[in-house]
Amino acid sequence: MRSTNTSTPRHKKKILWYLAGVTLLVGLAVLVLYILQVPGPWLSVFAPPSQTAILINGERITTEEFENAYKDFVNRQRATLDAAERVEFEKSIEGAPGAYYQLTLRSELAEDLIRRRLLQQAARRMSIQIEPNELLSEVKQQLWRFLEQNGVPPEQIEQALNDPKTYQSAFTQGLMELTRWQLLEERLRERVVGPLDPTDAQLRQYYEERKLRYYTPELVRVRHILIRLSEDAPATDVEAAQDKLMEIRSQWAKGANFSELARRYSEDELTAPQGGDYGWIQRGDPTGEDFVDAAFSLRTPGDVSAPVRTKRGLHLIQLVERRPARGESFEQIAAEVRSDYIIEKTANVYREWFEQYRAGADVRIQLPLLMAYRLESTDREAALQAYERIETEGKVDDPYLGYYIARLYRQKLDEAQQQLGLLQSNGAREADIAKLNAQIEELKIKIIKNLKKVLAQASPRQEIFEEILKLVPEDVEVRLAFVQFLLSQGHWEEANAQLKIASRTVPENFKVLSLYGQLLLKMNDFAEAAENLEHALALLGQGNSEERIPLQLQLAQAYRGLGQREKARQWLQRVLELDPKQMEANRDLGLLALEQEDYTGAIEALQAARENAPPEDQAELDVLLGRAYAGLGDLDQAEQLFEAALQSASPPSEIYRRLGELYEKRGDREQALRYYHQGLEKVTGWQEREELALRLLVFNPDDVNVRFTLASLYEQSRRYQEAVEQYRTILARQPDSLMAWRSLGDSYLTLQQYPEALNAFQRALPLAKSPPEQAGLWARILRADRAQAKGKLTPTGLEALYQLARLSLQMGQNQQAAQYLTELITADANYKPDEVERLIEELQEKGIEVTLPQAPK
């Protein structure tokens, strides 16, 4: 068991694993199919030079091969991530920063393709080949292990391995290519490194240099009771705390349980609920020297110290258990040391050989953007020139090219500004400062120019607007474009903040006022919206009907929101004076009439709107007209209009509810239910679906499926307490529903009601039959325990880590199992030691190391 570095973020770590080829068992990569075919330059001989992506000692990787490999790489990357990681990964490749990150991924992929092709060429020169029988034998062994780990009975495995069709599947073909590569590199390593037979002296030296690897420090496990004190607490407070702790200690001396005393008196919020359990500590622990010294001075489990002062306050410490240091001698572990030496030496020699081989190879990357990106690490000016040359030539269609250029100019700007600060602080000449200020302004202009190109060529992104406005906060045009972007994204508060800045810059600006009015409408602040819109209209004057009409329509909407229907009607009439055929004005007049139950007036206005409506708005107007005819009692006409809307290319979401209501009026319960159910299946908006679900529950309160849907809708709208009530109602009818218990726990977790969440997840555990279901519940239990204990795990959380490690190993997720075990050992090295050791040994047999706590120096 040895320490490994596990600090890399998970999705980036998996990218590296993918490039190394170790995640292909999840679903094997086309990348392998492009690279690991029978070696030879004939692979790309038909690719014309213009389509060459990379040349490696005269062998080509075509642009088509490279792009297909990259697409497959990204798709496989998604497949290896869980839901939360996939969201993180998708965000990392979005927009301008995401485009730049994809250049990083492409560069890593290119390097991996180069490495593999070079190793293939080396294998050819050394006449290394993998015999078909050897390959088939190894693949059979891997398939056997894979199927066995996934619970397939031995007789079925035997049958599958003897079936020729097994070896025709894409999965097995991919596995064979991967295995061919692994065997090929293994042969190369053996040929390059040769046999290693280290001397006893070499092994002893290796052992002495890495002695800590084989050392386990002395550990003690303690409980404590804390009375908090500031470092500069007056003597009277310190004396009072000491008296209180001595009184507590006297209770313990008379037979009181230390754990109960800790729960009652300790002011450490993390450990008090666990009876003061502080866990395992070792010398050098960051808790503090005095605390550690006092803990290690206790000799017998159960002993309690005198009060100990630390930065946090005064403590009583009880020894729970002591574990002596263990340092195994060279003689005891000579075989392990020899194995470690050979593994490490082999890896080092092979790496050094490849580095020399790579340095002497003729490798030419011919993808312009990738060439420019790779120059950034060695020569920023050359990279900048390369990017700008690409832009000038116009041969690469990348909307984010301006961002790549602006990044480099931003780096230069940061350095110039730092240099300016040094000049000013050192009292430099005014001429030098003026010259540097001129350079800074020139760099700002270049950055802004390139970022504005990105706004013009790519989908707008918040970070681009923000970067421009940092440099030129007075640019009202960019700020207003930013506001429109924020409004389109539903970020109303941020849009409001930006508009306030714009209004200070240009206080009487028509566009600022009109945008502010739109924003206030979306925020349902109808009174202030009306005020700003009327102010904007006043600034606009009597001309330009194209700009007046949208403002007047918005004003009508504001007054309608205020309940001032007559004012709303007046503004709509003004629109119709400018344009009698204006569809939105006639539609909104029809809506006003519907609200006032003036069904005849509604029909007149809505028919006028329908005559001038584009095809995509016809269905919405049919629904409104149907509502008006239904109000008049003409259900047949209403039905015809509703059915016409239902048959349209994009039926309005409310159509199913309206048809259901119509059939309810007719007393046709069966048809009403049919439309309500159809709507619940097809409509996507949560508000409309909620109405449909509630109507269905009026018909049948025991419909559990509808209640599940309604609970999910409440969760989408963040009404978690209402979701809880639905899940509790479901469980009253179906007490053995795994989904209901799990979902109930999730809602409690979101509400931060951790005891209730833990209870729900634990009730669900006996109902979970498959390892993935069980793992999902244990992961939730771990999350709830962490949150409840504010970071420090209770025995429930420790058990969750153990079960997650066990289940991950069972499901073949070996790296995930190792991470859970590392966390478990770090949290409590004494938790189920025998079971944990067995899991570690099983992982080590698979070549996976588990990180252990570091020994002290």
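Before any of the text, the structure's been laid out above.
This text gives an overview of the structure that appears in the document. (Residues numbered from 1 in each chain as written. Predicted model: local features only at pLDDT ≥ 70, side-chain atom pairs only at ≥ 80, totals over all residues. Heavy atoms only, no water.)

Here we take up the overall build of the protein. When you go through the protein residue by residue, the secondary structure sums to 39 helices and 9 strands. With the C-alpha coordinates aligned to their principal axes, the bounding extent of the protein is approximately 100 × 85 × 85 Å. Within the protein, buried positions represent 46% of all 857 residues. Restricting the contact set of the protein to residue pairs at least 6 apart, pairs at least 24 apart contribute 61%. Only carbon and sulfur atoms are counted for the fraction: they give 48% of the accessible area of the protein, which is about 43900 Å². Computing the positive centroid from 107 side-chain charges and the negative centroid from 130, the protein places the two 3 Å apart. (Helix = DSSP H or I, 4+ residues; strand = E, 2+ residues; numbered from the N terminus. Buried < 20%, exposed > 50% of the residue type's maximum accessible area, 1.4 Å probe, protein only. Contact = heavy atoms within 4.5 Å. Areas by Shrake-Rupley, 256 points an atom, 1.4 Å probe, with all protein chains shown as cover. Lys, Arg positive; Asp, Glu negative; His and termini not counted. Charge placed at Lys NZ, Arg CZ, Asp CG, Glu CD.)

Before going further, it helps to examine helix 27 (residues 615–632). Here helix 27 is 18 residues long and its end C-alpha atoms lie 26 Å apart, about the 26 Å a rise of 1.5 Å per residue gives. Buried within helix 27 are the following residues: D617, A619, L621, D622, V623, L624, L625, G626, A628, Y629 and A630. In this structure, the buried residues of helix 27 make contact with helix 25 (583–595), helix 26 (599–611), helix 28 (635–646) and helix 29 (655–666). One or two positions beyond helix 27, positive phi appears at G633, with a value near 95°. (Expected span 1.5 Å × (residues − 1).)

Bringing unusual backbone geometry into the picture now. The phi angle of most residues is negative, glycine excepted, and most peptide bonds adopt the trans form. You will see that N57, though not glycine, has its phi angle at about 50°, which is positive. By secondary structure assignment, the location of N57 is in the loop between strand 1 (52–56) and strand 2 (59–62). Phi at S127 is positive, roughly 60°, even though this residue is not glycine. By the secondary structure assignment, S127 is in the loop between helix 5 (95–125) and helix 6 (132–149). Given the relative accessible area of 59%, S127 is considered exposed.

Sheets are built from strands that pair by backbone hydrogen bonding, the pairs being arranged parallel or antiparallel. With antiparallel pairing, 3 strands are arranged side by side in an open sheet as 2-1-9. Of all the strands in the sheet, the pair left with one neighbour each is strand 2 and strand 9 (363–365). Across the sheet, the mean angle separating the axes of adjacent strands is 20° when strand polarity is ignored. The pairing of strand 1 with strand 9 spans 3 bridges and is classified as antiparallel. Of the residues in strand 9, the one forming a bridge with L55 is R364. (Pairing = 2+ DSSP bridges. Axes fitted to C-alpha atoms, helices over the stretch in contact; angles between N-to-C directions.)

On to the environment of R695. Along the chain, R695 turns up in helix 31 (residues 686–699). Between the alpha carbons of R695 and A672 there is a distance of 9.8 Å; along the sequence they are 23 residues apart.

This paragraph deals with the sheet that holds strand 6 (residues 308–309). Strand order in this open sheet of 4 strands is 5-4-7-6, and the pairing throughout is antiparallel. In this open sheet, the two strands that pair with only one neighbour each are strand 5 (277–281) and strand 6. Sitting on the sheet, helix 12 (residues 289–297) is in contact with strand 4 (219–228), strand 5, strand 6 and strand 7 (313–323), with an inclination near 45° to strand 7.

The next point concerns the packing of helix 36 (residues 771–788) against helix 37 (residues 795–810). Packing of helix 36 against helix 37 leaves a shortest axis separation of 9 Å and a crossing angle of 150°. Of the possible angle classes, the one that applies to helix 36 and helix 37 is roughly antiparallel. Every pair of crossing elements has a handedness; the one defined by helix 36 and helix 37 is left-handed. Taken together, the residues of helix 37 that come into contact with helix 36 (itself represented by P771, Q774, A775, W778, A779, I781, L782, D785 and R786) are T796, G797, E799, A800, L801, Q803, L804, R806, L807 and Q810. (Parallel < 35°, antiparallel > 145°, perpendicular 65-115°, else oblique. Left-handed = near helix turned anticlockwise from the far one by under 90°.)

Now for the packing of helix 26 against helix 27. Pairs of packed helices are described in terms of their axes, by the angle between the two and the distance that separates them. Packing of helix 26 against helix 27 leaves a shortest axis separation of 9 Å and a crossing angle of 160°. By the angle between their axes, helix 26 is roughly antiparallel relative to helix 27. In the packing of helix 26 onto helix 27, the handedness of the crossing is left-handed. Taken together, the residues of helix 27 that come into contact with helix 26 (itself represented by Y599, T600, A602, I603, L606, Q607, A609 and R610) are Q618, L621, D622, L624, L625, A628, Y629, G631 and L632.

A full pass over the atoms with the stated rule returns 16 aromatic pairs. Between the aromatic rings of Y278 and F291, the centroid separation amounts to 5.1 Å while the plane-to-plane angle is 40°, which identifies the pairing as tilted. In this pair, Y278 sits in strand 5 while F291 sits in helix 12, placing the two residues 13 residues apart along the sequence. Ring centres of Y663 and Y675 lie 5.7 Å apart, and the angle between their planes is 10°; on these two criteria the pair is classed as stacked. Note that Y663 is positioned in helix 29 and Y675 in helix 30 (residues 669–682), a separation of 12 residues in sequence. Of the two residues, Y663 and Y675, both sit in the buried class. Linked through ring pairs, Y100, Y373, Y387 and Y404 together constitute an aromatic cluster. (Phe/Tyr/Trp six-rings, centres within 6.5 Å; stacked < 30°, edge-to-face > 60°.)

Checked against the element boundaries, L188 lands in helix 8 (residues 170–193). The exposure class of L188 is buried, given its relative accessible area of 1%. In this structure the C-alpha to C-alpha distance between L188 and Q318, which are 130 residues apart in sequence, comes to 58 Å. Those residues in contact with L188, other than ones at most four positions away along the chain, are L119, A122, A123, M126, I128, Y350 and W353.

Here the focus is the pairing of strand 7. In terms of residue burial, strand 7 counts as a mostly covered element, since 8 of its 11 residues are buried. In this sheet, strand 7 lies alongside strand 4 in antiparallel orientation, the contact comprising 10 bridges. Bridging from a neighbouring strand, H224 pairs with I317 of strand 7. Note: strand 6 against strand 7, 2 bridges, orientation antiparallel. Among the inter-strand pairings, R309 is bridged to a residue of strand 7, identified as L314. The turn linking strand 6 back onto strand 7 is made up of 3 residues.

To continue, consider helix 4 (residues 83–92). Those residues of helix 4 that fall on the buried side of the exposure criterion are E85, F89 and S92. Buried residues of helix 4, viewed axially, fall in a sector of 60°; they line one side. Looking at helix 4, the residues exposed on the side facing more than 90 degrees away from the buried face are A83, A84 and K91. (Arc of directions from axis to C-beta.)

This part takes up the nonpolar core. Ranked by internal contacts, the top residues of the largest apolar core, which has 92 residues, are I655, L744, L821 and L843. Apart from the residues lying within four places of it in its own chain, the contact partners of L744 are V724, Y727, R728, L731 and A760. (Core = buried A, V, L, I, M, F, W, Y, C linked by side-chain atoms within 4.5 Å.)

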